[in-house]
Amino acid sequence: MENIIKGKVFVLGDNIDTDQIIPAEYLTYNPAIPAEYKMFGKFALCGVPPAQAGLPKGHIPFHDATDEFISPYRIIIGGKNFGCGSSREHAPIALAAAGIQAVVAEFYARIFYRNSINGGYLLPIESKKRLVDEICTGDEVTIDIGAGLLTNHTTGDKWELAPLGEVVPIIESGGIFNYAKKVGMLK
Ligand SMILES: CC(C)[C@@](O)(CC(=O)O)C(=O)O
């Protein structure tokens, strides 16, 4: 498992649901086909209205002019109930396809959390404090999983993260199927 994750953050708000993360109209793409997997990255977060994104003064797009598929952001900062709504596994797939390696939120909808872990798509990390009001989109941060710490290099702030806990063996295996094979639950 990657112990250190570095990059720019994209800040969202509360109750970001899976339909905002990847609207149903894009579920026709097959993530197993590389040319179609890219489209999940292109349309990731296209359903989030700027006001709900909690973005400061107007809308900062998730993608910039350099790449229509991969976002310049590597970490999402979320509030309460991140990934709520439908159970679509396409939600963590879309964020991962856009280049997101981790989400740091106050707490998650359970299905989104487990889809993220079981598929090995991204790390759903919980923060001990509400960070959407403390960090701005574009800030450069480092997440140290082992130390349970998020360092904001733009502001100098450091924030405690909750340990990933019992799901670490699944993350380290790269997902639930690899884990099940590793421990003999699957041939
Ligand atoms: C099966 C899937 C496409 C689903 O209908 C499942 C769900 O609604 O939980 C969705 O819209 O995410």
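Before reading further, recall that the structure is shown in the block above.
Residues numbered from 1 in each chain as written. Predicted model: local features only at pLDDT ≥ 70, side-chain atom pairs only at ≥ 80, totals over all residues. Heavy atoms only, no water.

Comments concerning the side chain of N115
- For N115, the location among the structural elements is in helix α4 (residues 110-118).
- In contact with N115, other than residues within four places in its own chain, are S87, R88, E89, P92 and Y121. (Helix = DSSP H or I, 4+ residues; strand = E, 2+ residues; numbered from the N terminus. Contact = heavy atoms within 4.5 Å.)

Examining the layout of surface pockets
- If you add up the space inside the largest pocket, you get close to 220 Å³.
- Along the walls of the largest pocket sit 13 residues, with Q101, G120, Y121, L122 and L123 positioned nearest its centre.
- Here the residues of the lining of the largest pocket are counted per class, giving eight nonpolar, four polar and one charged. (1 Å grid on protein atoms, 1.4 Å probe; cavity = no way out; pocket = protein on both sides within 12 Å on 5 of 7 lines; lining within 4 Å. Points joined across faces, edges and corners; volume = space filled by probe spheres on them. Nonpolar A, V, L, I, M, F, W, Y, C, P; charged D, E, K, R; others polar.)

Describing the site of the ligand
- If you check the shell around the ligand, you find L27, S86, S87 and R88 and nothing else.
- Within the side chain of R88, a nitrogen or oxygen atom sits 2.9 Å from an oxygen atom of the ligand.
- Protein burial of the ligand: of its 310 Å² of free accessible surface, 45% is covered by the chains. (Near = heavy atom within 4 Å. Polar contact = N/O pair within 3.5 Å; in protein donor to acceptor, adjacent residues only side chain to side chain. Areas by Shrake-Rupley, 256 points an atom, 1.4 Å probe, with all protein chains shown as cover.)

With respect to unusual backbone geometry
- Its identity is not glycine, yet N15 carries a phi of approximately 55°, on the positive side.
- Examined against the element boundaries, N15 turns out to sit in the loop between β1 (4-11) and α1 (18-21).
- Judged by its relative accessible area of 39%, N15 falls in the partly exposed class.
- For L45, which is not a glycine, the phi torsion comes out positive at approximately 65°.
- Mapped onto the secondary structure, L45 falls in the loop between α2 (34-43) and β2 (73-77).
- L45 sits in the buried class, given a relative accessible area of 7%. (Buried < 20%, exposed > 50% of the residue type's maximum accessible area, 1.4 Å probe, protein only.)

Describing the sheet that holds strand β6 (residues 149-152)
- A sheet is described by the order of its strands in space; here seven strands give the open sequence β4-β3-β2-β1-β5-β6-β7, paired in mixed fashion. The sheet terminates laterally at β4 (123-126) and β7 (158-160), the two strands that pair on one side only. Strand-to-strand twist in this sheet, taken as the mean axis angle between neighbours without regard to direction, amounts to 30°.
- One ladder, built from five bridges, connects β1 with strand β5 (residues 140-144); its direction is antiparallel. Paired with K8 across the two strands is E140, which belongs to β5. (Pairing = 2+ DSSP bridges. Axes fitted to C-alpha atoms, helices over the stretch in contact; angles between N-to-C directions.)

A look at the nonpolar core
- Core analysis: the biggest nonpolar cluster contains 52 residues, and I77, F82, L95, I143 and L150 have the highest contact counts within it.
- Beyond its immediate sequence surroundings of up to four residues, I77 is in contact with V9, F10, V11, L12, V104, L131, V132, I135 and L150. (Core = buried A, V, L, I, M, F, W, Y, C linked by side-chain atoms within 4.5 Å.)

Details of helix α3 (residues 90-97)
- By the criterion of burial, α3 is predominantly enclosed, with seven of the eight residues buried.
- Within the span of α3, buried status applies to A91, P92, I93, A94, L95, A96 and A97.
- Where α3 is buried, its residues meet α1, α2, β2, β3 (102-105) and α4.
- Just beyond α3, the residue with positive phi is G99, at close to 105°.

What about the side chain of H63?
- Its location among the elements puts H63 in the loop between α2 and β2.
- Of the polar contacts made by the side chain of H63, one reaches the backbone oxygen of G41; its length is 2.7 Å.
- Among all residues touching H63, those that are not within four sequence positions of it are G41, K42, A44, E68, F69, I70, S71, P72 and A98.

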